[in-house]
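Coordinates in review
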Amino acid sequence: MDISYIINELGEDREKYFNAVAPPIMQTSNFVVNTVAELRSLFYDEYNGYIYTRGHNPTVDILRKKLAALDGAEDCLVLNSGSSAIYAAVMANVKAGDHIVSVSKPYTWAQKLFNDILPRFGITTTYVDGTETENFSKAIQPNTTIIYLESPNSWYYQLQDLKAVAAIARENNILTICDNSYCTPLYQQPIALGIDIALQSATKYIGGHSDVVAGVLCGTTAMMRKIFEGEFCTAGNGIAPFNAWLLLRGLRTLPIRLEKITRNTQTVLAYLKQHPQIESVIFTMDEAFPQWELAKKQMKGACGLISFFIKTDSVHDIERFSENLQHIHMAVSWGAYESLIIPGCAIVPEKRYDASKKEQRMIRLYVGLEEPAYIIADLEQAFKSISDSD
Ligand SMILES: *Cc1c(COP(=O)(O)O)cnc(C)c1O
């Protein structure tokens, strides 16, 4: 399907709402029925109708159609955070005594689920280094029901060979879930590679304006229905109509935003790579990246997230650099218009900072939509603030 058609037209039925170009926000909790038979059929099958906004809502449905099409999936559910999307997809597919194989260091709250919540129900998780596909085969047990992936990882950037891992999972009758927040369906299509459930934090690129927290699940209608009728409606973690409307608005400009961020990132990457105060830079679509070949094979692009190491062992230098940035804000999240930075040293108390641990020395930069010269000038003066103090 044509991407412009998906973004501009698919799912929109303007004659139903006075030919308004922008769809209305159906800010309603419940829907009226005219006959008992209608009510009965909605009670029997809520998935295919409107009865109550904890389930489906027409504004959210426009978004669901577009996101499913972008992912090349049959169906989609939109949730009120990426984290709740992870929660619903995993919980709907495990039972007591099951085993999960997860790529090492998935998103923080996926780790929370695997490490603290699921063990309460006798569900265990084995983490594997996902850069070697055979590690997944080796970790599979008779009770393994899910292989959980995140490619690329949004902190460490390791990739998994999605097609190869999906094939192993299929042979063993294991469900695959892949967190695709880093790429979005524009730059990577997990479902086409054989993954069962493609997951995204829509807070990042889909929303794109730092004003909404949301998550997406895409897969077969049978799988989406299963999640909907279980965890989705029970936890009540579907997205609110207004937030769905914000995502629709964000989606209109997704391709152009990704294009601009990709260009900006290339310029900033080139600047960082030649900088005398930089020790090394990590970016997935770079010839120096250890999995560059795989990145080129399964991803159409990469943008925004770059990590780098400053030539210093001093946590104070990293702190000074981060605090001296004037326009690049220090904040969590990424994927919106504004450039952001997170110094890895913030994960430990200052006294326990250990320069031999790469993740503590690393600085993650998200390159936003500003002009690259503006971003680079800000980085340059922050680098200068370190060397001036030496
Ligand atoms: C942000 C993020 C999430 C969680 O999404 P929220 O919308 O913040 O709940 C999950 N996975 C990755 C890779 C993320 O970056």
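Conventions used here
- Starting afresh in each chain, residues are numbered from 1 along the sequence in its written order.
- In keeping with the model being predicted, local features are shown solely for residues with a pLDDT of at least 70 and side-chain atom pairs are shown and tallied solely at 80 or more, while totals for entire chains, interfaces and linings include all residues.
- Derived side-chain values reflect all non-hydrogen atoms in the structure, with water molecules and hydrogen atoms excluded from consideration.
- A molecule or strand has a residue near it when one of that residue's heavy atoms lies within 4 Å.
- Any pair of N or O atoms that falls within 3.5 Å is considered a polar contact. Within protein, one atom must be able to donate a hydrogen and the other to accept it, and sequence-neighbouring residues count only if both atoms are side-chain atoms.
- Per-residue accessibility takes into account occlusion by the displayed protein chains alone, with areas from the Shrake-Rupley method and a 1.4 Å probe.
- Note on geometry: axes are lines fitted to C-alpha atoms, helical ones only across the stretch in contact, with angles between N-to-C directions running from 0 to 180 degrees.
- The secondary structure listing takes helices from DSSP runs of H or I that are at least 4 residues long and strands from runs of E that are at least 2 residues long, numbered from the N terminus.
- Oblique is the label for every angle not falling under 35 degrees (roughly parallel), over 145 degrees (roughly antiparallel), or within 65 to 115 degrees (roughly perpendicular).
- Here, two residues are considered to be in contact whenever any of their heavy atoms come within 4.5 Å of each other.
- In the scheme used here, Gly and all other residues not listed as nonpolar or charged are polar, with Ala, Val, Leu, Ile, Met, Phe, Trp, Tyr, Cys and Pro taken as nonpolar and Asp, Glu, Lys and Arg as charged.
- Salt bridge, as used here: a side-chain nitrogen of Lys or Arg that lies within 4 Å of a carboxyl oxygen of Asp or Glu.

For the ligand, the set of nearby residues contains 14 residues, the closest of which are Gly 82, Ser 83, Asp 179, Thr 203 and Lys 204. A distance of 2.8 Å is found between an oxygen atom of the ligand and a backbone nitrogen or oxygen belonging to Gly 82. The contact in question runs from an oxygen atom of the ligand to an N or O atom on the side chain of Thr 203, over 2.6 Å. Here the ligand has 380 Å² of accessible area as a free molecule, and 91% of this is covered by the chains.

Close contact between helix H10 (residues 241-252) and helix H11 (residues 254-273) brings their axes to 5 Å; oriented N to C, the two are set at 55 degrees. As far as their axial angle goes, H11 and H10 are oblique. Of H11, the residues touching H10 (which contributes Gly 250, Leu 251 and Arg 252) are Leu 254, Pro 255 and Arg 257. Considered class by class, the residues forming the contact of H10 with H11 number 3 nonpolar, 1 polar and 2 charged.

With that out of the way, let us pick up the pattern of salt bridges. Applying the stated criterion across every chain, the model contains 20 salt bridges. In this structure, Lys 66 and Glu 12 form a salt bridge, with 2.6 Å as the shortest nitrogen-oxygen distance. Separated by 54 residues along the polypeptide, Lys 66 in helix H3 (residues 58-70) and Glu 12 in the loop between helix H1 (3-8) and helix H2 (36-44) bring together distant segments of the chain. Of the charged contacts in the structure, one is a salt bridge between Arg 64 and Asp 61, with a shortest N-O distance of 2.7 Å. Taken together, the residues span about one helical turn, with Arg 64 and Asp 61 both in helix H3 at a distance of 3 residues.

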